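# Secondary and tertiary structure notes
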Amino acid sequence: MTLSKKLVAAVLILVNFLLLHYIVSSIPLRWDLTQDGVYTLSKSTETMLSKVEESVIVDLYTSKSIADLPAWFKNFADRVEQMLGQYESVSGGIVRVNVIDPKPDSPEEERAIANGLNGTEIATGDRVYLGMTVSQGDTENVVPFFNWDREPFLEYDISKAIYETQLLTKPRLGLITSLPLVAPDYPSMPGQAPPSNQIVVDQLATLFDIISIEPNAKSLPENLDILALIHPKDLSEGLEYSIDQYALSGKPVFLALDPSSVTEREQGRQQMMMGQMSQPTPSDLPKLLEAWGLSYDPMQVLVDQTNSLSQGRFTQPSWLIFRDGFTNRDLLPSSQLEGVLLLESAPLSPKEGASTNWEPVLTSSADVGTVNSMSLQFAQPDQLLGQAEPLEGPVAVAGVLTGPASSAFPDKTDEKHQQEGEITVFVISDSDFLLDQYSVQRVNFLGMEQIQKLNDNQTLVYNFIEYLGGSRDLIGIRGKASSSRPFEVVMNMEAEAQKEYQSKLEAVEAELEEINAKLSDLVSEQANSGIIYATPEMEEVVAENQRKQAELKSQVRVIRRELRQGIETLGTVIGAVNLLWAPIGLLIFAVYFNRLRKGK
C-alpha cells in the first residue's frame, strides 16, 4: 500500500471514529456506575412522573457566564441541570426544562428576582443564581436556591416542587388529641390575654387545613390526607375502626403515644390542690399496634444515662435528648435534626414475625433501662437509675412503620371493609415534646413577641407531617450520596503519611524530653551554688536539642515530599489513562479489523 493510500486510510478511520462518537453521544442511553445510583431517578419519582397528566414547565436559573465561578458552584449547578434532564427524559417530555443564564443587569436576572429567586454573593462580589420555577397552568412553585448542603436530597426537593405544583387546595389534616394543642373556643376572662394555639398547630396550619376530631366521634371525616393522633385516649370503637381502615387505605398516620404525660401529671397536681381527684393515664392503641406489628408497653418508661437531660448538677434520666449519632440521618425528615427532647418515653420495637418494616428514627444509647411509669409520680430523678431494669440496648423511641398489614377488626362484615393494605405510620412514644413549654421560648422584643427554638422538637413534627402528607411516591425517595465523593486512595495515602509522621514525632519528642530533663538537672545543680552559667556540658545539651528539632523538621519535609510525589504520580497515571484509553481502543479495533480483513 502506497503512502498516500495509508494517509487516506488513516483519515477515513479518524472520520469514522468522530462519526461513531457523534452517533453514540446522540443515543439516549446512559449507565450510572456510581455506588448509590446518584444520577438515576428512583422508582418512586418515575411513578410520580407517570401520574402527571398536563405539561410542567421548569425554568432553571443558573449562572454560567460570570467569571471565576467557584468550582463547587459549577459542579453542583451541573449536577442540578443533569438531574432535571433526567426528569425531562423519564417523563417523556411532559416535564420540559428551560435553562436560563441570568447575566448581571439583564432581563433574565430581573425575571429571576421577580419570581422570588435568591442569589448569593461569591468572593468576587458577583451575585450568582441557582434556583428554579415550576409551573403547570396557573399554578407556580418556586425553589429560591438549591442548597449545596441538601445535595443528597436533591431528587426529593425537585420531585416535591413538581408534586406541589399540581395541588390546587391545601391538604386536610385530621387531628385527634387529649392535649391542649388547640385554643378553646370560649372567650377569655376580663383582663386576661385570649388563649392561643400551641405554636406547632399554627405552623402546620400554614400547610394544612386542620380538622379537629373529638375522641368520641363515630368515624373520621371524609377526604383526609393525613391523620395525626397526639396522646389519643378513650376513643370510641367506631373511631378506632375508622382509623384502622384509613391506615390500610395507604394514607399516612402520625401517632404520638405517651406512657407518662408530664402535662397531665402537672394538671392533676393542680386539681388535687383544688380538692379534685385526677389520675393521669397513659395513651395506647393495643388493637391497632398488634395488627401493625409494633411492641409498646404503656407501663414502662425509658431511662438513658448517656442521653439524659443534664443542667448543672441536676440530671433527669427519663428526659432524653437525642443528638447526632442517635437520629436517623438517612431519612429525609430527620437528616438535619440537632437535638430532640423527649419527656418520659417508652421503648418501641417490631414484633417477631411482623409483616411491616420498622425504620427507627430516634434511638437510645446502649446504657438503658426501664422504670414503671407510675413510679415517676413519687420517685426523685436521682433514684431512677438505681430502680431501672436493664435493657439490651440500644432501643428506638420513634420510627416509621411501612408495608403490608392486616385489619385489627377481622370480624367486621361491612361491604367496604378492607382486610389488608399497605400502611405508613410514624410512631413516637411521647406527646409532651410538642408543647410550647418544652420546645420554644417566647421573647418580648420591642413590644413584639418573638419565638426562639429550644430544640428541634417542633421541627421533627413539622418535617414528618409535611413528609407524610405529601405524595406516597415522595415518601419512597431516600437520600443519596453526594456526587462529590472523596478520593479514598489519596485519603489512605495521607492517613499512612500521618501515621508515619506521628510515630517519628513521638520518638523525637521522647528524646527531646530526655534532653530537656538533663538540661534541667544541670541548671538545678548550678542553682544550688547560687550562680547559673553556661557550661560546656550545658551548651552540648542545648545543641543536641536543636539538632534533634532540626532532624524532626527534615524528616517531616521528606514525608510530605514523598506524599506529594505519590499523589502527583497517581494523578499523572489517571490523567494518562483518561487521555489514552480512546486512541488505544481505536488502535486495538483497527488491528482487529485489519486481521479480520486479511482472514477473509
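Residues numbered from 1 in each chain as written. Predicted model: local features only at pLDDT ≥ 70, side-chain atom pairs only at ≥ 80, totals over all residues. Heavy atoms only, no water.

So, about the environment of Ser-439. If you trace the backbone, Ser-439 turns up in the loop between strand 21 (420-428) and strand 22 (440-445). In this structure, the C-alpha to C-alpha distance between Ser-439 and Val-340, residues 99 residues apart in sequence, is 8.8 Å. For Ser-439, the contacting residues outside a window of four places in its chain are Phe-433, Leu-434, Gln-452, Lys-453, Leu-454, Asn-455, Asn-457 and Gln-458. A polar atom in the side chain of Ser-439 sits 2.8 Å from the backbone oxygen of Leu-435. (Helix = DSSP H or I, 4+ residues; strand = E, 2+ residues; numbered from the N terminus. Contact = heavy atoms within 4.5 Å. Polar contact = N/O pair within 3.5 Å; in protein donor to acceptor, adjacent residues only side chain to side chain.)

Another point: the pattern of salt bridges. Inspection of every chain in the model, using the stated rule, returns 10 salt bridges. A salt bridge links Arg-79 to Glu-151; the shortest N-O distance between them is 3.2 Å. One end of the pair, Arg-79, is in helix 3 (residues 71-90); the other, Glu-151, is in the loop between strand 6 (139-143) and helix 5 (154-165), with 72 residues separating them in the sequence. When its relative accessible area of 2% is taken as the criterion, Glu-151 is described as buried. A salt bridge links Lys-351 to Glu-290, with the shortest nitrogen-to-oxygen separation between them at 3.4 Å. Here Glu-290 lies in helix 9 (residues 286-292) and Lys-351 lies in the loop between strand 16 (348-350) and strand 17 (357-363), a separation of 61 residues in the sequence. (Salt bridge = Lys/Arg side-chain N within 4 Å of Asp/Glu carboxyl O. Buried < 20%, exposed > 50% of the residue type's maximum accessible area, 1.4 Å probe, protein only.)

Quick look at the sheet that holds strand 1 (residues 56-62) now. Pairing is mixed in the open sheet, where four strands are placed in the order 2-1-5-6. Sheet topology places strand 2 (95-100) and strand 6 at the edges, where each strand pairs with a single neighbour. Across the sheet, the axes of successive neighbouring strands diverge by a mean angle of 15°, strand direction being ignored. Strand direction decides the pairing type here: strand 5 (residues 130-136) and strand 6, joined by five bridges, are antiparallel. Bridging across to strand 6, Val-134 finds its partner in Asn-141. In the packing of helix 5 onto the sheet, contacts are made with strand 5 and strand 6, and the angle to strand 5 comes to roughly 30°. (Pairing = 2+ DSSP bridges. Axes fitted to C-alpha atoms, helices over the stretch in contact; angles between N-to-C directions.)

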